[in-house]
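# Observations on the three-dimensional arrangement
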Amino acid sequence: MAPIPPGVRFLFSFNKDQWYRAFTFILTFLLYTSFHLSRKPISIVKSELHKNCSMASELATASGGGASQLPALISLHTDMDCSWKPFDKNNYKQLLGAMDYSFLFAYAIGMYLSGIIGERLPIRLYLTVGMLCSGLFTCLFGLGYIYNIHSLAFYVSVQVANGLVQTTGWPSVVTCISNWFGKGRRGLVMGVWNSHTSVGNILGSLIAGSYVSSNWGMSFIVPGIIIAAMGVVCFFFLIEHPNDLKTMHAQSSSPVGRQTACTGWSGVNGHKDMYLQFTQGSTKGGDEEPLLGRETAASGRVPLQQVVVVKSESEPSAISFMGALRIPGVIEFSLSLLFAKLVSYTFLFWLPLYITKAAHLDAKKAGDLSTLFDVGGIVGGILAGVISDKLGKRATTCAVMLLLAAPTLYGFSMISQFGLGPTVAMLLVCGGLVNGPYALITTAVSADLGTHKSLKGNARALSTVTAIIDGTGSVGAAVGPLLAGVLSAGGWDQVFYMLMTADFLALLFLLRLVKKELTSSKSRPISTVELKEH
């Protein structure tokens, strides 16, 4: 008999619990990747909405002048002005900044409500509806090109609507991934998982960049179709909580009459959970008990009186907004994220245009180069998670990275004018230091606070806490691009001074927590703390 290949042996070394965790990790990763993929096109298309018209005129002259010689896909429009109205005026930076602001301001306001709503509805359905609507509005923006729409009100309205529906994403996926992964190595797991932000930005840049010069409408339509398709995948495959699997398996494999359905009470996130306890032998806790019983998996049946369905006598209610604010650390991390996300989103929306102006590259090349910032962000997010796990000091890890980020931003503003090589290196470093704290606060820190010991085991606070932290951060994300649009009119140096100031303010709000971490005699690595998953 031939030996079993090592790859197959490796696959079979994982139990069903681990496979379901891996599946949920990958699925939620892809779901939120599509969210960021659909947000990125606007930053790529900006340089096409307002071109350097003198350069475009020279290119047209060099091509021979005959309209019949121009490729059919270069443009569907024959306007004398090479820019897209109403972005053809001298105030185009303010108008582009207003479009960013309309999306991000709606996102920030909607986020506070989204967490509260999401805590009371099934995550799978809530997320599916949000993704389908987001796909619709993203496509609508691109149809403005196809149908030759030049109304600023149209584009702003679409951005506002898209900002509101996109708030369904973050609280939902963070709650779901936190349901499946405990606190043991949460920084590492969520540091890797949070790279979906950068992966989505990279894919969005590449997809939008491939269409931007010929038909910028497709730069929005293709990502819109992708996020809508992922919404359908979410509906059919997302498993919100490990208890859902226990319920499904107990219902499908237990003999009739040997289990009693639990009715008349509300479960977490709007669905009814049935908690299984083993009554023969030793009783196992929630962390140790497999998602699917070993005997059941092997034989396809449940022995007599092996499974008992237990009703929760005091199912906790979802936490209120003010109750979430009273959790220690929520306010400090929220205010810090406000300024950290201001810096990150200013780069997200304005970096391609800055590269176009500073390095004199076309829209596609600038978009491709800007993805290096997100590559650095992937590494920075993972490093922040690993370091904070080892030290058990989330706030201190964020503070050190913020302290290093400010002078690095100044260095980038100077070095980016000296050629492509130094620009590439500084983009990677800036991406890591800027996105590292942002990633850590929005994932591991939010999950830690949403399961804080002051909640006494109430698992129905995670979505609300996540929404408060990210919603506050989104206020900064709305203000940053708007300020960048105003300040850039007086020179890009002013934009970088604003970003450095924001980094120092983000650091300032963490100082009390940093002092507490450094002076605490009980501080120890989080990986050694035994906490039950919820």
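Residues numbered from 1 in each chain as written. Predicted model: local features only at pLDDT ≥ 70, side-chain atom pairs only at ≥ 80, totals over all residues. Heavy atoms only, no water.

## Some remarks on the nonpolar core
Core analysis: the largest hydrophobic core is formed by 82 residues, its most contacted members being Trp 216, Phe 347, Phe 412 and Leu 499. The element that contributes the greatest number of residues to this core is helix H15 (residues 330-359), accounting for 17 residues. Formed by 29 residues, the second largest nonpolar core is a distinct cluster that contains Phe 181, Trp 193, Ile 227 and Leu 462. (Core = buried A, V, L, I, M, F, W, Y, C linked by side-chain atoms within 4.5 Å. Buried < 20%, exposed > 50% of the residue type's maximum accessible area, 1.4 Å probe, protein only. Helix = DSSP H or I, 4+ residues; strand = E, 2+ residues; numbered from the N terminus.)

## Overview of the environment of Asn 243
Inspection of the secondary structure puts Asn 243 in helix H12 (residues 242-253). With a relative accessible area of 6%, Asn 243 lands in the buried category. Sequence spacing of Asn 243 and Trp 180 is 63 residues, and the spatial spacing of their C-alpha atoms is 9.8 Å.

## Remarks on the packing of aromatic side chains
On inspection of all chains with the given rule, the structure shows 24 aromatic pairs. Residues Tyr 101 and Phe 105 carry aromatic rings whose centres are separated by 5.5 Å and whose planes lie at 20° to one another, so their mutual orientation is stacked. Here Tyr 101 and its partner Phe 105 are both found in helix H5 (residues 92-118), four residues apart, which amounts to about one turn of the helix. An aromatic cluster of three or more residues is present, and its members are Trp 84, Phe 141, Tyr 145, Phe 154, Tyr 155, Trp 216 and Phe 220. Its guanidinium or amino end placed over the ring of Trp 350, Lys 46 lies 4.0 Å from that ring's centre, counting from NZ or CZ. (Phe/Tyr/Trp six-rings, centres within 6.5 Å; stacked < 30°, edge-to-face > 60°. Lys NZ or Arg CZ within 6 Å of the ring centre and 35° of its normal.)

## Some thoughts on the packing of H5 against helix H7 (residues 152-165)
For the pair H5 and H7, interaxial distance at closest approach is 7 Å and the crossing angle is 30°. The angle between the axes of H5 and H7 places the two elements in the roughly parallel class. Along this stretch, H5 crosses H7, giving a crossing that reads as right-handed. In this structure, H5 contributes Leu 95, Met 99, Ser 102, Phe 103, Ala 106, Tyr 107 and Gly 110 to the contact, and H7 contributes Leu 152, Tyr 155, Val 156, Gln 159, Val 160, Asn 162, Gly 163 and Leu 164. Residue composition of the contact of H5 with H7, grouped by class: ten nonpolar, five polar and no charged. (Axes fitted to C-alpha atoms, helices over the stretch in contact; angles between N-to-C directions. Parallel < 35°, antiparallel > 145°, perpendicular 65-115°, else oblique. Left-handed = near helix turned anticlockwise from the far one by under 90°. Contact = heavy atoms within 4.5 Å. Nonpolar A, V, L, I, M, F, W, Y, C, P; charged D, E, K, R; others polar.)

## Brief notes about the confidence of the model for the chain
Caution applies to low-pLDDT parts of the model: their predicted coordinates are not meant to be read in detail. Summing up the model confidence of the chain, the mean pLDDT is 77 and the portion of residues at 70 or higher is 75%. Predicted confidence for residues 54-80 stays below pLDDT 50, and this span has 17 contacts to residues more than four positions away or in other chains. Contacts of residues 257-313 to residues separated by more than four positions or lying in other chains number 110 contacts, the stretch itself having pLDDT below 50. (pLDDT = per-residue confidence, 0-100.)

## As for the pattern of salt bridges
In total, this model carries four salt bridges according to the counting rule given. In this structure, Arg 512 and Glu 332 form a salt bridge, with 2.3 Å as the shortest nitrogen-oxygen distance. Of this pair, Arg 512 sits in helix H21 (residues 511-519) while Glu 332 sits in helix H15, and the two are 180 residues apart along the sequence. You can call Glu 332 buried: its relative accessible area is 16%. The closest approach of N and O atoms between Asp 470 and Lys 341, which form a salt bridge, is 2.8 Å. Of this pair, Asp 470 sits in helix H19 (residues 462-487) while Lys 341 sits in helix H15, and the two are 129 residues apart along the sequence. (Salt bridge = Lys/Arg side-chain N within 4 Å of Asp/Glu carboxyl O.)

## Overview of the packing of helix H6 (residues 123-146) against helix H11 (residues 218-237)
For the pair H6 and H11, interaxial distance at closest approach is 7 Å and the crossing angle is 165°. Our classification of the angle between H6 and H11 gives roughly antiparallel. As H6 packs across H11, the resulting crossing turns out to be left-handed. For the contact of H6 with H11, the residue count by class is 17 nonpolar, seven polar and one charged.

## What about unusual backbone geometry?
The omega angle of the peptide bond from Lys 85 to Pro 86 is 10°, so this bond is cis rather than trans. With a phi angle near 55°, Asn 148 is a residue other than glycine that sits in the positive phi range. Considering the arrangement of structural elements, one finds Asn 148 in the loop between H6 and H7. Taking the relative accessible area as the measure of exposure, Asn 148 reaches 37% and is therefore partly exposed.

## A few points about a nonpolar patch on the surface
On the surface, a cluster of nonpolar side chains totalling about 730 Å² of accessible area is made up of Ile 4, Val 8, Phe 10, Leu 11, Phe 12, Phe 14 and Trp 19. The leading source of residues in the nonpolar patch is helix H1 (residues 6-11), at three residues. Locating Trp 19 in the fold gives a position in helix H2 (residues 16-39). We classify Trp 19 as partly exposed; its relative accessible area is 41%. (Patch = residues over 30% accessible without salt bridge, like charges linked within 9 Å, V, L, I, M, F, W, Y side chains within 5 Å. Areas by Shrake-Rupley, 256 points an atom, 1.4 Å probe, with all protein chains shown as cover.)

## Description of H2
What sets the pattern is the α-helix's 3.6 residues per turn: residues three or four places apart point alike. For H2, built from 24 residues, the straight-helix expectation of 34 Å at 1.5 Å per residue is met to within 8% by its first-to-last C-alpha distance of 35 Å. The opening residue of H2 is Asn 15, an N-cap whose side-chain oxygen sits 3.1 Å from the backbone nitrogen of Asp 17. (Expected span 1.5 Å × (residues − 1). Polar contact = N/O pair within 3.5 Å; in protein donor to acceptor, adjacent residues only side chain to side chain.)

## Considerations on the state of the cysteines
By the definition in use, this model includes zero disulfides. Of all cysteine sulfurs, the one in Cys 176 lies closest to Cys 234, which takes part in no disulfide; the gap is 8.3 Å. (Disulfide = S-S within 2.5 Å.)

## Details of the side chain of Ser 172
Looking at the secondary structure, you find Ser 172 in helix H8 (residues 169-180). When its relative accessible area of 3% is taken as the criterion, Ser 172 is described as buried. Beyond its immediate chain neighbours, meaning those up to four positions away, Ser 172 contacts Ile 123, Tyr 126 and Leu 127.

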